[in-house]
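As a plain string of letters, each chain reads:
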Amino acid sequence: MMSKYKSNILGERTRQGISIFTACMDRNRSLYKNIKSWLKCDEVNEIVVVDWNSKKPISIDHSKVTVARVDGCQWAITKSFNLAARFCSTTRICKLDCDYRIKQDFFKHHTLQQGKFYCGNWRIARNKNEKHLCGFLYAYREDFFSVNGYNEFFTTYGYDDSDIKDRLISQGLRPLDIDLDKIKHIRHRDKLRLEKYFQNMSTDESIAYNKVLSKGNPWSIKNKMSRFHVKKITERKYQCQIVQ
């Protein structure tokens, strides 16, 4: 069996190139609008969308877009993004939230180099809205999986971006800031961030909770990501069932 660094969840061997991956639940309208900007980037070889239990299934008919549908599960942001990353079949992977829009020349201005990765940084935000770009990540696939992706111990909103950034840095990788003129977060209410979690917390309380959790129960390569049964429906559409 090939290393998880060398092949994706379908057993396809990793090739040179760039994959964008995302995950959403009932944010179809935002995704349909913003994915148009992603598809304008010639450097992008594929886009992986995990549709996590949306009431209306996501449907995108494009040769570069793969949709993996997960049914019957409560929203789990880190599990969904890890699943999306595992579908990617290129050496470089870029995680975008479905409310991010990028310029056509984005990847021309963000050239990935060995030993480095790009990530969002709320400290350089020029306004409150730009702080929500903290969820951006662009890294080598091998580096992403060397820290075991996103922390699946998190079941509430927030801090998943800071957690993976810290773990990548701990591996000796250098974080680089993104050009804020090349990416935009599309505004929406905080309620939309929290309503999928069924939690009685504010965004700040939820972030603080996960921060404490990450220190007390750190996620590492020793932990196992969630397992899925994957069934091919069409050439670019898959049904995924989580293994309990």
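We now turn to the structure provided with this report. Since the model is a prediction, treat every value here as computed from it, not as a measurement.

A few words on the sheet that holds strand β8 (residues 174-177). The strands making up a sheet are joined through hydrogen bonds of the backbone, oriented either antiparallel or parallel. The 9 strands lie next to each other as β8-β6-β7-β4-β1-β2-β3-β11-β10, forming an open sheet whose pairing is mixed. The strands lining the two open edges of the sheet, one partner per strand, are β8 and β10 (228-234). Taking the axes of each pair of neighbouring strands and ignoring which way they run, one obtains an average angle of 25° across the sheet. Sheet analysis places strand β6 (residues 116-119) next to strand β7 (residues 137-140), joined by 2 bridges and oriented antiparallel. Bridge pairing in β7 places Tyr118 opposite Tyr138. The strands touched by helix α1 (residues 28-39) are β1 (15-24), β2 (44-52) and β3 (65-70); relative to β2, the strand with the most contacts, the crossing angle is about 165°. Across the sheet, helix α4 (residues 160-170) lies against β6, β7 and β8, angled at about 165° from β6, the strand it touches most.

In this section: a positive patch on the surface. Residues Arg29, Lys33, Lys36, Lys40, Arg101, Lys184 and Arg187 make up a contiguous surface patch of positive charge. If one sorts the elements of the positive patch by residue count, α1 sits on top with 3 residues. Classification of Arg101 by relative accessible area gives partly exposed; the value is 34%.

Moving on: the packing of aromatic side chains. Counted by the stated rule, this structure contains 12 aromatic pairs. Taken together, a centroid distance of 5.1 Å and an interplanar angle of 85° make the contact between Phe153 and Trp219 edge-to-face. Remark: Trp219 occurs in the loop between α6 (203-216) and β10 and Phe153 occurs in the loop between α3 (141-146) and α4; sequence separation between them is 66 residues. On the basis of relative accessibility, which here comes to 28%, the residue Phe153 falls in the partly exposed class. Here the aromatic residues Phe21, Phe81, Phe144, Phe145 and Tyr150 are joined through ring pairs into a cluster of three or more. Above the ring of Phe81, the side-chain terminus of Lys95 is found at 4.4 Å from the ring centroid.

To continue, consider the nonpolar core. With 36 residues, the main nonpolar core has Phe21, Val50, Trp52, Val70, Leu137 and Phe144 as its most contacted residues. Per-element accounting of this core gives the leading share, 6 residues, to helix α2 (residues 77-87). Excluding anything up to four places from it in sequence, Val50 contacts Thr22, Ala23, Cys24, Ala68, Val70, Ser80, Leu83 and Ala84.

Bridge count between β6 and β8: 4 bridges; the pairing is parallel. Counted as the bridge partner of Lys116 is Arg174 from β8.

We now examine the pairing of β10. Here β10 pairs with strand β11 (residues 237-242) via 6 bridges, running antiparallel. If you follow Lys232 over to β11, its bridge partner there is Tyr238.

Under the criterion given, the structure shown has 13 salt bridges. Linking Glu130 and Arg126 is a salt bridge whose minimum nitrogen-to-oxygen distance equals 2.7 Å. With relative accessibility at 12%, the residue Glu130 sits in the buried group. Across the pair Lys232 and Glu235 runs a salt bridge whose closest N-O atoms are separated by 3.4 Å. The partly exposed category is assigned to Lys232, whose relative accessible area is 47%. Owing to a relative accessible area of 57%, Glu235 belongs among the exposed residues under this scheme.

Quick look at the environment of Asn82 now. Note on placement: Asn82 falls in helix α2. By relative accessible area, Asn82 is classed as buried at 0%. Between the alpha carbons of Asn82 and Tyr150 there is a distance of 6.3 Å; along the sequence they are 68 residues apart. Setting aside its immediate chain neighbours within four residues, Asn82 contacts Phe144, Asn148, Gly149, Tyr150, Glu152 and Met225.

Rules used throughout
Residues numbered from 1 in each chain as written. Predicted model: local features only at pLDDT ≥ 70, side-chain atom pairs only at ≥ 80, totals over all residues. Heavy atoms only, no water. Pairing = 2+ DSSP bridges. Helix = DSSP H or I, 4+ residues; strand = E, 2+ residues; numbered from the N terminus. Axes fitted to C-alpha atoms, helices over the stretch in contact; angles between N-to-C directions. Contact = heavy atoms within 4.5 Å. Patch = residues over 30% accessible without salt bridge, like charges linked within 9 Å, V, L, I, M, F, W, Y side chains within 5 Å. Areas by Shrake-Rupley, 256 points an atom, 1.4 Å probe, with all protein chains shown as cover. Salt bridge = Lys/Arg side-chain N within 4 Å of Asp/Glu carboxyl O. Lys, Arg positive; Asp, Glu negative; His and termini not counted. Charge placed at Lys NZ, Arg CZ, Asp CG, Glu CD. Buried < 20%, exposed > 50% of the residue type's maximum accessible area, 1.4 Å probe, protein only. Phe/Tyr/Trp six-rings, centres within 6.5 Å; stacked < 30°, edge-to-face > 60°. Lys NZ or Arg CZ within 6 Å of the ring centre and 35° of its normal. Core = buried A, V, L, I, M, F, W, Y, C linked by side-chain atoms within 4.5 Å.

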